[in-house]
Amino acid sequence: MPEPDDPASPTNPFGLFGLEPSIDLDRAGLERAWLRLSAKLHPDRVSESEREAAQARLAVLNDAKAALDDDERRANLVHAHLGGPSASDDKTLPEGLLEHTLAERMAIEDAAASGNTEEIARLREEVAEREQRLGATVKALLERAAAHADGDDHRTRALAEARVQLNAWRYLGRMRERLEGGSDLN
């Protein structure tokens, strides 16, 4: 595990900031740690010869902070920390998710094509609520996995189910991005 003050190692964003891997992030603690570490890398505090390396380390810190600030990415990091399968190793989705997602995407396209801002707003709210529910489900599963010893069957099952829900969360995230970012949706 990297040292908390070693911003050169992006393998453990929690470790970079001296935080314990947890779904419940102390955002104020993250902000304090980021400010402390990034201040050390400020161009006014490093020599001319160290500036390029300091910029690279600051980019690592900023990427790590962005990962921890994002609920879904942080949940994936905790899942990996607990030994769960990666999204590339297990692409399992909840039954019916693809069909439901296709129907929602068609509704988004229809609303966008007709300029129905009320429908777009409703869809945004629905996706946000589903993401919130998925986040709560993943949190509970990760907490259950953390409560069991490595190799315990309960831990293994909780991590496997968490992966399925994390995969679904990513699908919803893409839909939210489409709803929020599509210039033709505004």
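Refer to the structure presented above.
This write-up is about the structure you can find in this document. Remember, it's a predicted structure, so these values are computed and weren't measured experimentally.

## A look at the overall build of the protein
And then number 1: In terms of regular secondary structure, the protein is built from 7 helices and 0 strands.
And then number 2: Burial statistics for the protein: of 186 residues in total, 38% are counted as buried.
And then number 3: Look at the contacts in the protein between residues 6 or more apart in sequence, and 66% of them connect residues 24 or more apart.
And then number 4: In the structure as shown, the protein presents an accessible area of about 10,600 Å², 50% of it carried by carbon and sulfur atoms.
And then number 5: If the 25 positive side-chain charges of the protein are averaged to one point and the 37 negative ones to another, these points end up 2 Å apart.

## Section: the packing of aromatic side chains
And then number 1: Overall, the coordinates contain 0 aromatic pairs when judged by the stated rule.
And then number 2: Of note, Lys65 hangs over the ring of Trp34, and the distance from its end group to the ring centre comes to 5.5 Å.
And then number 3: When the ring centre of Tyr171 is taken as origin, the NZ or CZ atom of Arg174, which lies over that ring, is 5.8 Å away.

## Focus on the pattern of salt bridges
And then number 1: Under the criterion given, the structure shown has 19 salt bridges.
And then number 2: Ionic pairing is found between Asp24 and Lys139, a salt bridge with its closest N-O pair at 3.1 Å. Remark: Lys139 occurs in helix α6 (residues 117-146) and Asp24 occurs in the loop between α1 (13-16) and α2 (27-40); sequence separation between them is 115 residues.
And then number 3: Classification of Asp24 by relative accessible area gives partly exposed; the value is 46%.
And then number 4: The salt bridge partner of Asp71 is Arg27, with a shortest N-O separation of 2.8 Å. Here Arg27 lies in helix α2 and Asp71 lies in helix α4 (residues 71-81), a separation of 44 residues in the sequence.
And then number 5: Of the residues examined, Arg27 reaches a relative accessible area of 38% and is grouped as partly exposed.
And then number 6: Here the salt bridges share partners, and the residues they tie into one network are Arg27, Glu31, Lys65, Asp69, Asp71 and Arg74.

## Quick word on the nonpolar core
And then number 1: Core analysis: the biggest nonpolar cluster contains 40 residues, and Phe17, Leu19, Leu68, Ala75, Leu142 and Leu179 have the highest contact counts within it.
And then number 2: Taken together, the elements giving at least two residues each to this core come down to α1, α2, α3 (51-69), α4, α5 (97-114), α6 and α7 (153-181).
And then number 3: Considering every element that reaches this core, the biggest residue donor is α7, with 9 residues.
And then number 4: With sequence-adjacent residues up to four places away left out, Leu68 is seen in contact with Pro13, Phe14, Phe17, Leu19, Leu25, Arg27, Leu30, Arg74 and Leu77.

## Quick word on the packing of α5 against α7
And then number 1: At a minimum axis distance of 11 Å, the contact between α5 and α7 shows a crossing angle of 5°. With respect to their mutual orientation, α5 and α7 come out roughly parallel. Taken together, the residues of α7 that come into contact with α5 (itself represented by Leu97, Leu98, Thr101, Glu104, Arg105, Ile108 and Glu109) are Ala168, Tyr171, Arg174, Met175, Arg178 and Leu179.
And then number 2: Residue classes in the contact of α5 with α7 are distributed as 7 nonpolar, 1 polar and 5 charged.

## Description of the side chain of Thr101
And then number 1: Along the polypeptide, Thr101 turns up in helix α5.
And then number 2: For Thr101, a relative accessible area of 4% puts it in the buried group.
And then number 3: What Thr101 contacts, discounting residues up to four positions off in sequence, is Tyr171 and Met175.

## Observations regarding the environment of Gly151
And then number 1: Along the chain, the position of Gly151 falls in the loop between α6 and α7.
And then number 2: By relative accessible area, which is 61% here, Gly151 ends up exposed.
And then number 3: Spatially, the C-alpha atom of Gly151 lies 9.5 Å from that of Gly83, the residues being 68 residues apart in sequence.

## Observations concerning the environment of Trp34
And then number 1: The topology assignment puts Trp34 in helix α2.
And then number 2: With 22 residues separating them along the chain, Trp34 and Ala56 place their C-alpha atoms 15 Å apart.
And then number 3: With residues up to four places along the chain from it excluded, the contact list for Trp34 reads Phe17, Leu61, Asn62 and Lys65.

What counts, and where the lines are drawn
Within every chain, residues take consecutive numbers counted from 1 along the sequence as written. The model is predicted, so local features are restricted to residues of pLDDT at least 70 and side-chain atom pairs to those at 80 or more, both for listing and for counting; the totals for chains, interfaces and linings are taken over all residues. Hydrogen atoms and water are omitted, and side-chain values are computed over all heavy atoms in the structure. Comment: elements are numbered from the N terminus, with helices defined as DSSP H or I runs of at least four residues and strands as E runs of at least two. Exposed residues in this analysis have more than 50% of their type's maximum accessible area, buried residues have under 20%, and partly exposed residues fall in between, with area computed by a 1.4 Å probe over protein chains only. The contact rule is simple, with two residues in contact once any of their heavy atoms fall within 4.5 Å. Method for areas: the Shrake-Rupley scheme with a 1.4 Å probe, in which residue coverage is limited to the protein chains shown. We score Asp and Glu as negative and Lys and Arg as positive, and we do not count His or the chain ends. The atom standing in for a charge is NZ when the residue is Lys, CZ when it is Arg, CG when it is Asp and CD when it is Glu. To pair, rings of Phe, Tyr and Trp, with the six-membered ring standing in for Trp, must have centres within 6.5 Å; the planes then decide the type, stacked if under 30 degrees apart, edge-to-face if over 60, and tilted in the middle. We count a charge as sitting over a ring when the NZ of a lysine or the CZ of an arginine lies within 6 Å of the ring centre and within 35 degrees of the ring normal. For this document, the term salt bridge refers to a Lys or Arg side-chain nitrogen within 4 Å of an Asp or Glu carboxyl oxygen. Think of a nonpolar core as a cluster: buried Ala, Val, Leu, Ile, Met, Phe, Trp, Tyr and Cys residues, connected wherever their side-chain atoms sit within 4.5 Å. Here the axes come from fitting lines to C-alpha atoms, over the contacting stretch only for helices, and the angles between their N-to-C directions go from 0 to 180 degrees. Note that the term roughly parallel is reserved for angles under 35 degrees, roughly antiparallel for angles over 145, roughly perpendicular for angles of 65 to 115, and oblique for everything else. Under the convention adopted here, Pro, Cys and the residues Ala, Val, Leu, Ile, Met, Phe, Trp and Tyr are nonpolar, Asp, Glu, Lys and Arg are charged, and Gly plus all remaining residues are polar.

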